[in-house]
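These are the residues of each chain, in order.
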Number of protein chains: 2
Amino acid sequence: MSSPAGKTILASKIAKQYTDELISITSKLSKKPRLVGFLANQDPSAKMYAEWTGKTSRSLGFEYELVEVEKENLEEEIYKANANDDINGIIVYFPVYNNRQDQYLQQCVSIEKDVEGLNFTYISNMYHNIRFLDDDLKQKKSILPCTPLAIVKILEYLGVYNNLLSYGNKLYGKTVTIVNRSEIVGRPLAALLANDGATVYSVDINDIQKFERGDGLHLKHHRVIDNIKESLQDVAAKSDVIITGVPSPLYKFPTEFIKDGAICINFASEKNFNEDDVKQRASLYVPMIGKVTIAMLLRNLLRLMANNNKLEENIII
Amino acid sequence: MSSPAGKTILASKIAKQYTDELISITSKLSKKPRLVGFLANQDPSAKMYAEWTGKTSRSLGFEYELVEVEKENLEEEIYKANANDDINGIIVYFPVYNNRQDQYLQQCVSIEKDVEGLNFTYISNMYHNIRFLDDDLKQKKSILPCTPLAIVKILEYLGVYNNLLSYGNKLYGKTVTIVNRSEIVGRPLAALLANDGATVYSVDINDIQKFERGDGLHLKHHRVIDNIKESLQDVAAKSDVIITGVPSPLYKFPTEFIKDGAICINFASEKNFNEDDVKQRASLYVPMIGKVTIAMLLRNLLRLMANNNKLEENIII
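Per chain, residues are indexed from 1 in the order of the written sequence. Written order decides the labels, with chains lettered from A and ligands numbered from 1. Two thresholds apply to this predicted model, a pLDDT of at least 70 for residue-level local features and 80 or more for giving and counting side-chain atom pairs, whereas whole-chain, interface and lining totals are computed over all residues. To get the side-chain values, take all heavy atoms of the structure and skip hydrogens and water.

Under an unreviewed UniProt entry, chain A has the name Methylenetetrahydrofolate dehydrogenase [NAD(+)] and belongs to Pachysolen tannophilus NRRL Y-2460. UniProt positions are given in the numbering used here, feature names are shortened, and annotations may be inferred rather than shown by experiment. Recorded in UniProt for chain A, the comment headed Function (unreviewed entry) runs: "Catalyzes oxidation of cytoplasmic one-carbon units for purine biosynthesis." According to its UniProt record, chain A has this under Subunit (unreviewed entry): "Homodimer."

## Overview of the overall build of chain A
The way it works is that DSSP assigns letters per residue, a run of H or I at least four long becomes a helix, a run of E at least two long becomes a strand, and they are numbered from the N terminus. When helices and strands are tallied, chain A shows 10 helices and 11 strands. Each radius of gyration reported is based on C-alpha atoms, and the globular scaling rule is 2.2 Å times the count of residues to the power 0.38. Against the globule reference of 20 Å for 317 residues, chain A gives a C-alpha radius of gyration of 20 Å, in line with a compact fold. Expressed as lengths along the three principal axes of its C-alpha atoms, the size of chain A is roughly 55 × 45 × 40 Å. Split into buried and exposed, the 317 residues of chain A put 56% on the buried side. In chain A, 61% of the contacts between residues at least 6 apart in sequence involve partners at least 24 apart. Residue burial considers only the protein chains on display, and all accessible areas are found by Shrake-Rupley using a 1.4 Å probe. Summing over all exposed atoms, chain A offers an accessible surface of approximately 14,500 Å²; the carbon and sulfur share of this is 50%. Residue exposure (1.4 Å probe, protein chains only): buried if accessible area is under 20% of the type maximum, exposed if over 50%, otherwise partly exposed. Residues are treated as being in contact if the distance between any of their heavy atoms lies within 4.5 Å.

## Concerning the sheet that holds strand β3 (residues 63–68) of chain A
Residue and element names in this part refer to chain A. The criterion for strand pairing is that DSSP finds at least two bridges linking the strands in question. In spatial order, the strands read β3-β2-β4; together these three strands make up an open sheet with parallel pairing. What marks the edges here is a single partner per strand, and that holds for β3 and β4 (89–93). Along the sheet, successive strands turn relative to each other by an average axial angle of 20°, direction set aside. Bridging between strand β2 (residues 34–39) and β3 involves six bridges; their strand directions are parallel. If you follow L39 over to β3, its bridge partner there is E68. Lines fitted to C-alpha atoms define the axes, with helix axes restricted to the stretch in contact, and inter-axis angles between N-to-C directions lie between 0 and 180 degrees. Its contacts with the sheet put helix α2 (residues 44–59) on β2, β3 and β4, and the angle it makes with β3 is roughly 160°. Contacting β2 and β4, helix α3 (residues 71–83) crosses the sheet at an angle of about 165° to β4.

## A short note on the UniProt feature "domain: Tetrahydrofolate dehydrogenase/cyclohydrolase catalytic" (unreviewed entry) in chain A
The positions that UniProt labels "domain: Tetrahydrofolate dehydrogenase/cyclohydrolase catalytic" (unreviewed entry) are, in the present scheme, residues 11–116 of chain A. Secondary structure across residues 11–116 of chain A comprises 51% helix and 16% strand; the distance between its end C-alpha atoms is 19 Å.

## Section: the packing of aromatic side chains
Classification of ring pairs rests on two measures: the distance between centres of Phe, Tyr or Trp rings, Trp counted by its six-membered ring, which must be within 6.5 Å, and the angle between planes, read as stacked under 30 degrees, edge-to-face over 60 and tilted in between. Evaluation of the coordinates by the stated rule reveals 14 aromatic pairs over all chains. Ring plane angle 45° and centroid distance 5.3 Å describe the contact between Y104(A) and F120(B), whose orientation is recorded as tilted. With Y104(A) in helix α4 (residues 100–108) and F120(B) in helix α5 (residues 120–127), this residue pair bridges two chains. Residue classification places F120(B) among the buried residues on the basis of a relative accessible area of 17%. The structure contains a cluster of three or more aromatic residues connected by ring pairs, namely F253(A), F257(A), F273(A) and Y285(A). Charges are assigned to positions over rings by a cutoff of 6 Å between ring centre and Lys NZ or Arg CZ, combined with an angular limit of 35 degrees from the ring normal. When the ring centre of Y104(B) is taken as origin, the NZ or CZ atom of R187(A), which lies over that ring, is 4.9 Å away.

## Focus: the pattern of salt bridges
Salt bridge criterion: a side-chain nitrogen from Lys or Arg within 4 Å of a carboxyl oxygen from Asp or Glu. Counted according to the given criterion, the structure contains 31 salt bridges over all chains. In this structure, D135(A) engages K138(A) in a salt bridge whose closest nitrogen and oxygen atoms are separated by 3.6 Å. Between R181(B) and D204(B) there is a salt bridge, and its shortest N-O distance comes to 3.3 Å. Of this pair, R181(B) sits in the loop between β5 (175–179) and α7 (186–195) while D204(B) sits in the loop between β6 (199–203) and β7 (208–213); the two residues are 23 residues apart in sequence, bridging distant segments of the chain. For D204(B), a relative accessible area of 22% puts it in the partly exposed group. A single network of salt bridges, built from pairs that share partners, joins R34(A), E63(A) and E65(A).

## Describing helix α3 (residues 71–83) of chain B
Among all positions of α3(B), only L74(B), E75(B), E76(B), I78(B), A81(B) and N82(B) are buried. Contacts made by the buried residues of α3(B) are with α5 (120–127) of chain A together with β2 (34–39), β4 (89–93) and α4 (100–108) of chain B.

## Here we look at helix α6 (residues 146–157) of chain A
Residue and element names in this part refer to chain A. In this model α6 runs 16 Å from its N-terminal to its C-terminal C-alpha over 12 residues, within 8% of the 16 Å that 1.5 Å per residue would give. Burial analysis of α6 places 10 of its 12 residues in the buried class, the great majority of the element. The complete set of buried residues in α6 reads C146, T147, P148, L149, A150, I151, V152, K153, I154 and L155. Those residues of α6 that are buried are in contact with α1 (11–26), α7 (186–195), β9 (241–244), β10 (263–266), β11 (284–286) and α10 (290–307). Looking at the residues trailing α6, positive phi occurs at G159, about 80°. Multiplying 1.5 Å by the residue count of a helix minus one yields the expected span of that helix.

## Re unusual backbone geometry
The residue after F94(A), namely P95(A), is reached through a cis peptide bond having omega 0°. Mapped onto the secondary structure, P95(A) falls in the loop between β4 and α4. Phi at N180(B) takes a positive value of approximately 155°, unusual for a residue other than glycine. Relative accessible area serves as the criterion here: at 13%, N180(B) is assigned to the buried category.

## Here's the deal with the side chain of N300(A)
Topologically, N300(A) is positioned in helix α10. Discounting chain neighbours no more than four positions away, the residues touching N300(A) are V115(A), E116(A), I143(A), L144(A), C146(A) and L149(A).

## Observations concerning the sheet that holds strand β3 (residues 63–68) of chain B
All names here are of chain B. Taking strand neighbours across the sheet as the criterion, the three strands line up as β3-β2-β4 in an open arrangement whose pairing is parallel. At either end of the open sheet lies a strand with only one pairing partner, and these are β3 and β4. Neighbouring strand axes in the sheet, compared pairwise and without regard to direction, differ in orientation by 20° on average. Note that β2 and β4 share five bridges and pair parallel. The partner of L39 across the bridge, within β4, is Y93. With respect to the sheet, α3 is in contact with β2 and β4, its orientation differing from that of β4 by roughly 165°.

## Observations regarding the environment of R181(A)
All names here are of chain A. Given a relative accessible area of 14%, R181 falls into the buried group. With 27 residues separating them in the primary sequence, R181 and I208 have C-alpha atoms 9.5 Å apart. Discounting residues that sit within four places of it in the chain, R181 has contacts with G186, R187, S202, V203, D204, D207, I208 and Q209. Within 3.5 Å is the distance limit for a polar contact, defined as a pair of N or O atoms, with the added protein rule that one can donate a hydrogen and the other accept it, and that residues adjacent in sequence qualify only through two side-chain atoms. A distance of 2.7 Å separates polar atoms of two side chains, one belonging to R181 and the other to S202. There is a polar contact of 2.8 Å between the side chain of R181 and the side chain of D207.

## Section: the packing of helix α1 (residues 11–26) of chain B against helix α6 (residues 146–157) of chain B
All names here are of chain B. Where α1 meets α6, the closest approach of the two axes is 10 Å, and the angle between their N-to-C directions is 105°. The angle between α1 and α6 places the two elements in the roughly perpendicular class. Contacts between α1 and α6 pair K13, I14, Q17 and Y18 from the former with K153, I154, E156 and Y157 from the latter. Polarity classes work like this: nonpolar for Ala, Val, Leu, Ile, Met, Phe, Trp, Tyr, Cys and Pro, charged for Asp, Glu, Lys and Arg, and polar for all others, with Gly in that last group. Each residue belonging to the contact of α1 with α6 can be placed in one class, and the counts come to four nonpolar, one polar and three charged. Here the angle decides the label: under 35 degrees means roughly parallel, over 145 means roughly antiparallel, 65 to 115 means roughly perpendicular, and every other value means oblique.

## Quick notes on the pairing of β7(B)
Residue and element names in this part refer to chain B. Relative to β7, β6 is paired through four bridges, and the arrangement is antiparallel. Paired with V200 across the two strands is F211, which belongs to β7. The turn joining β6 and β7, which pair antiparallel and follow one another in sequence, is formed by four residues.

Listed below in structure tokens is the structure:
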């Protein structure tokens, strides 16, 4: 095998401009913003991840408190945190029950403290390309879900967004395949990229859907086309970008499906690309994205504080 | 087998007081309330059910329109119906995608038109025993999810609620087993009955939880105890009421577990009790509840109209 032409780009490098910005802002604040994380499962890897978010948050000038609770007390603890003026942001580590009750619990987080951007109003605004909570005054930015937002920022860094094109059209001509259609990442991400002009193939275990910018009279947002007859191999062959998020150590995206020179990004904790040969095909490969995601989560926290008039007036985020 | 002592009680009989009330109210209105149902799946039994709700609604003085849409257009159609002043209530027939996207779609229905009572705010209010949307003026009633509400009304009819006890305590001393812990029926029902003083065993395929009235400082509502060591047989043996909702024709609640004289209610479309012998044990048996549920759905519709000042002022619901 010849030495591959492709390059690995680490999330830490992409995150740097955002972490620098966060440090610059938090250093100017009279009081550290305070994030609380709720952990209600016994999974040691979830605890490790929670502790990592804590460490990262503290290194960027935030206060972080990890609260371990019993599942059956989680809802009451979230409501207490909602009502506590000293807490600026809340993150809940899922899965808790690993069923629909988890979605209920996610919605219990106050819209004013939802750093993950998973409140129904935020998600609905994102799907409908509504950028502000107050559509009249445009003072309060609608929060974007942090993992999809991180992937948008990564695509910007990698030059997939073309700044010669106008706002809302910067992905025009680009084709993207996303292997994941969760409500937390895959589906919102497909909509975000389609809203910016891309043709997106959204792949899950059942089917492939095509997302493109819609032409609805009432909702100026992406539209979805079901019943795509093309296979994963067909859509990958057309894709400038392939993004994977399959939560299984057994899954590997077939390297031979990747178009020469494509950009490959993996957001799963497991490595969904075969690291032995992915760079024989991919031009740029981002093996994990966590550091960008947490930067977006903390950025969301500052945005929420701005929305709620909790930031000094001269601070712009 | 001797002739059983138990009696079957039909939902139509229980529903009558509510359907009479609905007819009495709609006959006084200058314009028929209008309900729209969205059907986005190809299942013939879903269509039959939708047509049945239409027929029942019309017979009670409501206008009903069934709109069949493609899945990918459903969200936009819901938003159009939200904005249409001629539509008073919206019902969406699930499953559509049969995954988490369905919960997203459910939340797209405007809180002002959500006759099923499944908006997050309604469900959260129910769990926290909050009865009004405007806690200060107490003019706008918070809507209860219609199937759990129907079961409460059935329990009232059957005399399980004891009117000698004070409000919020009328199930004191009663033990109830509920075989179903869905977010739509089983879990909210367990909370509603616990909030009224019952001890509730909530059974699903994984475990048994115990719900009882809580003593939280902040949330005056039920509390949940996980890790119950008792078996289904143990909890059924103590239960005055057994309520089933298992969506499978294969499931039958074991008749031998039923305490002599218990009340048995099935809310699944499939018959979860063995009709050959359930009345050898049960004192009262309600084989299906659909007619009460639809009465509650239409009652919710009138409540929503009252909340939104769309009912004539002299009408009380």
